[in-house]
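Results of the structural survey
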Amino acid sequence: AQSVTQLDSQVPVFEEAPVELRCNYSSSVSVYLFWYVQYPNQGLQLLLKYLSGSTLVESINGFEAEFNKSQTSFHLRKPSVHISDTAEYFCAVSEADSWGKFQFGAGTQVVVTP
Amino acid sequence: DVKVTQSSRYLVKRTGEKVFLECVQDMDHENMFWYRQDPGLGLRLIYFSYDVKMKEKGDIPEGYSVSREKKERFSLILESASTNQTSMYLCASSPLANMGTSYEQYFGPGTRLTVT
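To keep things clear, this report deals only with the structure shown in the data block. These numbers come from a predicted model, not from an experiment. Residue numbering note: each chain is counted from 1, following its sequence as written. The naming scheme follows written order: chains are lettered A onward, ligands numbered 1 onward. Per-residue local features of the predicted model are confined to residues with pLDDT of at least 70, and side-chain atom pairs are confined, for both listing and counting, to 80 or more; whole-chain, interface and lining totals are unaffected and use all residues. Remark: hydrogens and water are excluded; side-chain values derive from all non-hydrogen atoms of the structure.

With that settled, the discussion passes to the interface of chain B and chain A. We call two residues contacting when some pair of their heavy atoms lies within 4.5 Å. On the chain A side, the residues contacting the 27 residues of chain B number 24 residues. Note on definitions: buried area is the accessible-area loss of two parts on being combined, 1.4 Å probe, summed for both. Both sides of the chain B and chain A interface together cover about 2000 Å² of buried area, and 54% of this is carbon and sulfur. Should a side-chain nitrogen of Lys or Arg be within 4 Å of a carboxyl oxygen of Asp or Glu, the pair is scored as a salt bridge. If you look at where chain B meets chain A, you find 2 salt bridges. Between Glu56 of chain B and Lys101 of chain A there is a salt bridge, and its shortest N-O distance comes to 2.6 Å. Nitrogen and oxygen atoms within 3.5 Å of one another constitute a polar contact, given that in protein one can donate a hydrogen and the other can accept it, and given that sequence-neighbouring residues count only through two side-chain atoms. Linking chain B to chain A there are 6 residue pairs in polar contact (both at pLDDT 80 or more). For the purposes of this entry, the term helix denotes a DSSP run of H or I that reaches at least four residues, the term strand denotes a run of E that reaches at least two, and both are numbered from the N terminus. Those elements that provide at least two residues to the side of chain B that touches chain A are strand E4 (31-38) and strand E5 (42-51) of chain B. In terms of residue class, the side of chain B that touches chain A is built from 13 nonpolar, 10 polar and 4 charged. For this scheme, ten residues count as nonpolar: Ala, Val, Leu, Ile, Met, Phe, Trp, Tyr, Cys and Pro. Four count as charged, namely Asp, Glu, Lys and Arg, and the remainder, Gly too, count as polar.

Here's what the structure looks like:
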């Protein structure tokens, strides 16, 4: 069975500083990888996803993530954060034979301060 | 845009009550999901449905049941609510993923249920 580990439960960061959120997974089959963001009192929104092809994927608001198969990781990065990036971020993994079911990590709360 | 709606944003129920949480999606998705979200635990899958009248248990189905009579609607039922079911409940939908594919899930805004 797969598992997803987000290594940091909370990440404080200053505005305009870089941030990295770590995500590792365990699985014996091919996987698809997702990052979601949840702003306060809202549902989850897709940030970016890796399905196939280039291992580096980008979002429209400056986030990027790289799929590293050998290290079973899918870390999320942003070179310069804004106050509006304050939110909770979830890593999710879907195995190739799971018919679309996801396993989520516990989440990382990012708090951006001026 | 895909829209997933949930019947209530906030709900307060008493222990022992039967509780219905409703979810509707407007994109003709085959898959629908119910999760509960608790601090430090992320999202945990309660039940999953891949077609009308079809359901599959998730990781934490105990104390819950579901109903899917129409493709667009997926209901979560707490037969006898307990205080340990106080949580945020999130519904999601996605197209059916065949072997070797996957799709993003689209989420509703959530229902914060308090059982007293």
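So much for the structure itself; the text now carries on.
The next subject is the pattern of salt bridges. Taken as a whole and assessed by the stated rule, the structure comprises 12 salt bridges over all chains. Here Glu104 of chain B ties to Lys49 of chain A by a salt bridge, and the two come within 3.9 Å at their closest N and O atoms. With one member in each of two chains, Glu104 of chain B in the loop between strand E9 (87-94) and strand E10 (106-107) and Lys49 of chain A in strand E6 (residues 44-50) form a pair that bridges those chains. Look at Glu104 of chain B and you get buried, because its relative accessible area is 16%. Exposure is judged per residue with a 1.4 Å probe applied to protein chains only, and the accessible area is read against the type maximum: over 50% gives exposed, under 20% gives buried, and values in between give partly exposed.

We now examine the state of the cysteines. Residues and elements named next belong to chain B. Any pair of cysteine sulfurs within 2.5 Å is marked as a disulfide. The tally for this structure, following the rule as stated, stands at 2 disulfides over all chains. For Cys23, the disulfide goes to Cys91, at an S-S distance of 1.8 Å. Residues Cys23 and Cys91 are joined through a disulfide that is left-handed, its torsion about the S-S bond being -80 degrees. You can see Cys23 sitting in strand E3 (residues 19-25) and its partner Cys91 sitting in strand E9, a full 68 residues away along the chain. Classification of Cys91 as buried rests on a relative accessible area of 0%.

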